[in-house]
Amino acid sequence: MSAIPEHWIHLYQRPAQGTAFITRQQAFKYQHQKLAVGGDDTMSCELALDGTEAQLALENWVGCRVAAYVDNPMAPIWEGIVSRVYYDDGALMVTRSLDEMFNRVEVIYTSIGSNRTTTVSAANETDSQALYGIKAGTCDGFIRNGIVGGSNGQHMEAIRDLIIGQVAWPLTSVTQSGGMPTFRIEATGFFHTLEWENYYNAAVAGVSINTQLNNIMAAVVNDTTFFDNTDNSLIETNAAYNLVNTETFGKTSWQCLQTVQGGGANGAYWVMGIKRTDPITGTRRFYYRAGNTDVEYTSRSADGLRPRNQWGGLVRPWTMEPDRVMRVNDLLVGWSGRGLDPRETYIETIRYDADTQKVTWAGADDLHMQGALQLHRYYKMQGYSSGPPPRNAWT
Amino acid sequence: MQEPIELEIIKGVEPVPGDTETAEKPLDRLNLLSSSGLALDTDGWQMAYPSLKNQGLWIDSPTMNGRELSRSPQTNVIETMTLTMTNNDLSQRQGIMKHLFRLQQDARDFWSMESQYQPVYLNFKPAVGVCNQYALLYTFDVAMDSDPYDCTNSWLVTLTFERAPWRAVVPPGGNPRLFKFWKQNWAWGINYTIDDLRLHQDDGTGFDDTTYSAYDTVDNRFEWEGGGTSHEGYLSKNWIDIPADEIPGDMEADAYISVTPSSGSAYPFVKFWVARYTRPTTFRGRQSDEDSLAYNILAAGDGVAAFGGGAGTAVVDACGVYCRTDAANQYIVQYTAPVAAGVWQNVLQWYPANQLQNIASWRGTWAAFLRCQQTNGAQDDVQARLVIEQGYALGYGGRYYTDPQVLPYWVALSSCREFPVMYLGQFTLPLDNEYLSGGYGRGAEISGVANDAVWLSVETLNTKTATRTLEFLDLILMPVDEAFGCFTAENSILGHVSSNSFNIMDTTGYAMHGKPGMYASVNGGNETPDRFMPIEYRGAAIRLKPGVNNRLYFLFQHYNAAAPVDNISYASAEHTIRVSVVPRFQGIADVEQDS
């Protein structure tokens with residue numbers, strides 16, 4: 001028996017600036033979430049920094065690449081960028097975040113009498129983009145009635161400029177505190193940077209899934225900053241159907257990709273996301289492939305659902321990944337019925353908590369429909385606004 | 001308990017005698033055995049020991065009988081000490097209390113304020129012990145059950161300490177070489193002096209490397225000796241052993257480990273991996289019925305078709321490594337990856353009868369690395385993966401695949417034995433790692449059968465429509481399940497380290513002036529250990545398990561500016577490893593020390 005293996009986070013320069021290592025810090029109250037569609041999703045932890053270090057971190061760490069390591073230095077258990085920093089010194093709590101930052105802003109609107117949307121040219125804060133990469137946001141100008149101040153376009157540009165003037169840099173809020181001094185970071189996975197990209201295509205043509213997917217990749221304005229958008233080596237061919245390539249409603253690239261995620265031949269489920277930094281090439285790549293329906297994990301109700309491999313060997317909980325199937329081996333032992341095996345769960349979501357060493361896996365009852373019908377796509381796998389609740393299992 | 005013969009609170013790191021340029025200040029000491037100040041009351045100190053933090057972390061469920069302990073982190077230790085103050089001078093009494101409160105504040109501020117980097121610790125030497133022991137203090141409370149204006153009667157002062165769970169035999173921030181000196185009953189000024197405290201190398205005056213807890217040269221490869229007749233001899237090895245008697249104590253010992261390129265490589269290293277292994281280093285295998293040493297590198301030449309393995313072809317080549325099958329010749333393995341997109345090809349395969357000697361030593365979790373290259377085409381053309389199969393025959397049992405990785409592309413070796421190294425993922429052996437005892441009824445074994453049971457295979461996948469030429473040197477398996485770390489400069493602005501620099505991994509607290517934790521750095525060139533450059537260290541801190549032989553396996557990656565890929569591993573390289581151990585105890589230390 002031993003202590004819980006130490007969890008460490010490694011901070012590197014912001015991807016738009018470079019790759020140099022900054023610091024290594026032991027992580028406390030470490031938690032992460034990974035998704036079958038997307039990959040590494042969210043991570044949070046607390047760090048033991050003194051006041052001076054915490055203020056330096058508050059100033060410099062937002063937007064940095066972060067990787068979490070436990071026992072294998074070749075394989076981080078999670079990777080992404082720092083999206084939010086909290087610092088509570090006992091008297092005040094200050095937070096600084098990328099969440100509401102947009103350093104490229106567009107406005108989309110519809111004029112009265114028109115059935116087409118119009119997008120005003122983007123405003124850019126290039127100094128912010130040089131540090132954090134391009135994070136684009138689209139404001140909905142709704143339907144304009146008449147000319148205000150010259151033209152609809154001028155009005156929309158004024159709204160655009162007002163917004164970017166307010167949100168082009170990481171936003172800060174300060175509140176009174178009174179709790180224990182705490183320094184905490186939150187991070188989001190690299191696939192979320194596809195939510196920073198707007199994708200627009202006025203063409204109207206039927207194209208294959210892969211053509212549309214390649215078009216979206218080629219249009220990534222952050223180029224190779226967060227992942228190598230020119231490397232299609234992990235994009236597999238899905239010839240299941242064609243679709244219309246028009247995208248004119250201000251969607252993000254990730255939303256457009258969800259449209260093409262779809263399914264494969266014979267009802268196969270497909271997944272996509274950003275792989276962690278490749279130890280050989282040093283790059284991150286977008287992947288698109290059929291989902292993995294192999295039973296790679298098993299568990300037993302009798303011992304509290306400790307995660308095990310398919311032969312019963314214990315699995316270190318921090319290494320668990322989604323996009324695999326978990327089977328409970330002492331549930332419905334003799335089952336041989338029709339339909340999906342109720343002992344097996346396709347893992348859509350993995351949540352891991354280091355302090356308790358608990359890992360939660362969640363499937364979704366209607367998962368084979370999600371890609372095709374776009375159910376739930378704008379929400380995390382937890383907290384659906386409609387549809388059946390996810391299945392959760394704690395171990 | 002018997003009263004200690006030394007007991008004091010100390011702040012600071014002691015200057016080295018004779019160092020006229022020291023940045024250290026004289027120690028701030030408060031004696032707790034003073035006849036004219038604070039003195040430990042008779043039986044005033046009941047020693048305490050660490051316990052399970054939050055009663056441990058348990059696997060539990062309302063539906064299971066009982067519960068199982070999963071993790072057992074330790075608490076800090078809370079100890080109470082009762083002292084008397086007997087000085088007849090009130091101002092002197094107040095001065096001593098003021099001293100006590102200042103130390104209290106400094107203990108609390110240690111590294112919680114960046115400006116306070118002087119450790120505050122308790123030093124004691126028991127009457128029946130053989131050496132001093134030092135415990136880092138995080139805080140202590142002071143209580144007094146007496147009239148603070150009365151100096152005619154003794155004051156009763158109670159100190160309640162919260163200290164680190166261990167007591168070390170070298171003070172916090174102290175030079176980690178001291179333990180080895182003290183262990184030999186060496187005395188300052190007689191057996192060792194100021195220049196002998198260097199942490200990295202021979203001081204040039206004949207004070208040699210045997211004065212480290214462990215010292216050895218490790219090769220960046222492993223080769224058997226004997227050409228198939230021995231399982232014990234080796235021509236080259238990639239490990240250092242730290243003998244059990246160098247690691248006393250009852251908790252994991254701290255270690256200061258320095259790594260220096262010594263010879264064989266024209267290039268500095270950019271990265272190395274180090275892994276601890278404390279299981280037995282020799283086994284009498286049921287398969288071979290003879291002793292075999294534990295090792296972690298499999299030569300590619302031993303895994304080819306000629307010897308019953310995969311489809312690769314072993315080629316005698318002076319840039320290869322000696323195989324167990326043929327220790328007279330050096331081999332690399334060549335393979336022409338066929339045009340068969342989507343089909344994985346078995347290139348290398350090892351199993352107990354095919355040089356995967358003594359499977360009992362392979363129990364555990366391993367990270368796999370392959371030294372190999374693709375010599376035509378382009379990067380990303382070929383992928384590789386490791387396949388682990390366990391059963392009574394191939395195709396009958398469990399099979400596990402690591403995730404495919406990109407096989408490195410490089411047109412030509414610019415130096416002999418210089419191959420890219422690729423990571424192949426990790427695996428556990430046996431596949432059900434809770435299965436320990438075999439059917440013979442004689443205890444632990446993975447298999448009692450000679451010629452099968454476990455197969456390790458390297459498979460490749462050519463994704464292009466033309467053949468690709470591949471070359472392989474060896475498969476390296478680093479144990480993950482004890483402590484596995486990686487020292488890397490790949491993400492530093494520096495990009496690599498100098499060929500004549502020292503690289504340290506330190507858990508003793510020396511580099512951080514007494515702060516517990518792990519520190520890694522590079523020391524600048526020409527064997528002058530005077531320029532520290534912090535560097536990235538990933539993975540677990542390397543501490544040593546007490547009372548057993550500790551083996552540290554190494555694998556090095558080098559920097560060659562001319563190479564199109566940056567993960568070159570030069571198998572001929574040699575590196576010097578020096579280890580200084582600082583044992584830690586929960587109880588009383590039992591090592592010699594001449595203080």
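What counts, and at which threshold
- Residues numbered from 1 in each chain as written.
- Chains lettered and ligands numbered in written order.
- Predicted model: local features only at pLDDT ≥ 70, side-chain atom pairs only at ≥ 80, totals over all residues.
- Buried ≥ 20, exposed ≤ 12 C-beta atoms within 10 Å, placed from the backbone.
- Helix = DSSP H or I, 4+ residues; strand = E, 2+ residues; numbered from the N terminus.
- Pairing = 2+ DSSP bridges.
- Domains from an automatic or database assignment.
- Contact = placed C-beta atoms within 7 Å.
- Nonpolar A, V, L, I, M, F, W, Y, C, P; charged D, E, K, R; others polar.
- Core = buried A, V, L, I, M, F, W, Y, C linked by C-beta atoms within 7 Å.

**Q** Just checking my understanding: could you explain the pairing of strand β29 (residues 468–479) of chain B for this structure?
**A** Regular strands place their side chains on alternate faces of the sheet. All names here are of chain B. Most of β29 is tucked away: 11 of the 12 residues are buried. Pairing geometry for strand β19 (residues 297–299) and β29, over three bridges, is antiparallel. The partner of A299 across the bridge, within β29, is D474. Where strand β21 (residues 330–337) meets β29, five bridges bridge the pair, whose relative direction is antiparallel. Residue pairing for β29: Q334 is matched across the bridge by E471. Pairing analysis gives nine bridges linking strand β23 (residues 364–374) to β29, with the strands arranged antiparallel.

**Q** Please clarify how the domain arrangement of chain A should be interpreted in this entry.
**A** Residue and element names in this part refer to chain A. For chain A, the domain assignment lists domain 1 (7–98 + 171–188), domain 2 (104–167), domain 3 (196–290) and domain 4 (295–394). With centres defined by C-alpha atoms, the gap from domain 2 to domain 3 works out at 26 Å. Across the boundary between the two partners, domain 2 contributes nine residues, which contact 11 residues of domain 3. Of all the elements in the fold, those that place two or more residues in the side of domain 2 that touches domain 3 are β7 (104–111) and β10 (136–144). When grouped by side-chain class, the residues that make up the side of domain 2 that touches domain 3 number three nonpolar, four polar and two charged.

**Q** Got a minute to help me understand the nonpolar core in this structure?
**A** Taken as a class, soluble globular proteins show a tendency for nonpolar side chains to be buried jointly. Within the largest apolar cluster, 157 residues are counted, with the highest numbers of intra-cluster contacts made by A368(B), F369(B), L370(B), M422(B), M478(B) and F554(B). Viewed by domain, this core spans two of them, domain 1 (4–178) and domain 2 (296–479) of chain B, each represented by three or more residues. Excluding anything up to four places from it in sequence, L370(B) contacts A384(B), M422(B), L424(B), V458(B), F472(B) and L475(B). Counting residues in hydrophobic clusters, the runner-up holds 78 residues, among them F21(A), L47(A), V85(A) and A136(A).

**Q** How should the sheet that holds strand β18 (residues 308–309) of chain A be read in this particular structure?
**A** In any sheet, the strands associate via hydrogen bonds between backbone groups, in a parallel or an antiparallel arrangement. Read from one edge of the open sheet, four strands run β18-β17-β19-β20 (chain A), paired in mixed fashion. A strand with exactly one partner marks an edge of an open sheet, and here the two such strands are β18 and β20 (344–346) of chain A.

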